[in-house]
Amino acid sequence: MSIVINPSICMSCGKCVSQCPGNLLEVSRNKAVRILNPSFCWGCAACIKVCPQGALKLFLPPVLGGRGARLSVKASKGTLAWQVELPGGKKINIDAPEGEDGY
Ligand code: SF4
Ligand code: SF4
């Protein structure tokens, strides 16, 4: 699995870097975050949940939505608003309560 980074809206805050359990993310001053080894990403989604800009999305396995399907999430007032973007453009929204530890 891996993530998709939108460099045009990343503000280099580093929040995602500190959340990645595999230390796969790196941010340099005034540069968008980058993933060091995409093949080591196991899709935990920790990075996409903390990004205040929505600059990160997670590629889903083909079996979960077809090749190229992506997952994004926004946290708001104790709710995680997940969105799956299917390859044809259809979007599926799933709201779930945020756990005490943010999961
Ligand atoms: S999905 Fe998880 S493992 Fe992959 S880059 Fe993000 S925080 Fe790291
Ligand atoms: S959390 Fe979002 S805005 Fe901050 S460095 Fe990571 S991708 Fe960029």
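Thresholds, definitions, all that
- Residues numbered from 1 in each chain as written.
- Chains lettered and ligands numbered in written order.
- Predicted model: local features only at pLDDT ≥ 70, side-chain atom pairs only at ≥ 80, totals over all residues.
- Heavy atoms only, no water.
- Near = heavy atom within 4 Å.
- Nonpolar A, V, L, I, M, F, W, Y, C, P; charged D, E, K, R; others polar.
- pLDDT = per-residue confidence, 0-100.
- Helix = DSSP H or I, 4+ residues; strand = E, 2+ residues; numbered from the N terminus.
- Pairing = 2+ DSSP bridges.
- Axes fitted to C-alpha atoms, helices over the stretch in contact; angles between N-to-C directions.
- Core = buried A, V, L, I, M, F, W, Y, C linked by side-chain atoms within 4.5 Å.
- Buried < 20%, exposed > 50% of the residue type's maximum accessible area, 1.4 Å probe, protein only.
- Contact = heavy atoms within 4.5 Å.

1. Notes on the site of ligand 2
Here comes step 1: Every one of the 13 residues lining ligand 2 counts as a neighbour, but Cys10, Cys13, Gly14, Cys16 and Cys51 are closest to it.
Here comes step 2: A breakdown of the residues in the shell around ligand 2 according to their chemical character gives 9 nonpolar, 3 polar and 1 charged.

2. A few points about the confidence of the model for the protein chain
Here comes step 1: Mean pLDDT over the protein chain: 92, with 96% of residues reaching 70 or higher.
Here comes step 2: Predicted confidence in the protein chain is weakest over strand E5 (residues 70-76), with a mean pLDDT of 91, and strongest over strand E2 (residues 25-26), with 98.

3. Quick notes on the site of ligand 1
Here comes step 1: Inspection of the region around ligand 1 gives Cys20, Pro21, Ile35, Cys41, Trp42, Gly43, Cys44, Ala45, Ala46 and Cys47 as its neighbouring residues.
Here comes step 2: Across the shell around ligand 1, the residue classes break down as 9 nonpolar, 1 polar and no charged.

4. Things to note about the pairing of strand E7 (residues 91-97)
Here comes step 1: Bridging between strand E6 (residues 79-85) and E7 involves 7 bridges; their strand directions are antiparallel. Within E7, the position partnered with Val84 by the bridge is Ile92.
Here comes step 2: Counting the residues between successive antiparallel strands, the hairpin from E6 to E7 contains 5 residues, one of them, Gly89, with a positive phi of roughly 105 degrees.

5. Let's talk about the sheet that holds E7
Here comes step 1: Strand order in the open sheet made by the 5 strands is E1-E4-E5-E6-E7, with antiparallel pairing throughout. Both outer strands of the open sheet, strand E1 (3-5) and E7, are each paired with one neighbouring strand and no more. Strand-to-strand twist of the sheet, defined as the mean angle between neighbouring strand axes without regard to direction, takes the value 30 degrees.

6. Description of the nonpolar core
Here comes step 1: In terms of nonpolar packing, the biggest core is built from 23 residues, with Ile3, Leu25, Cys47, Ile48, Leu56, Leu71 and Trp82 touching the most fellow members.
Here comes step 2: Listed by contribution, the elements that provide at least two residues to this core are helix H2 (46-50), strand E4 (56-59), E5 and E6.
Here comes step 3: Here the element with the most residues in this core is E6; it accounts for 3 residues.
Here comes step 4: For Leu71, the residues in contact, after removing those within four places along its chain, are Ile48, Lys57, Leu58, Leu60, Trp82, Gln83 and Val84.

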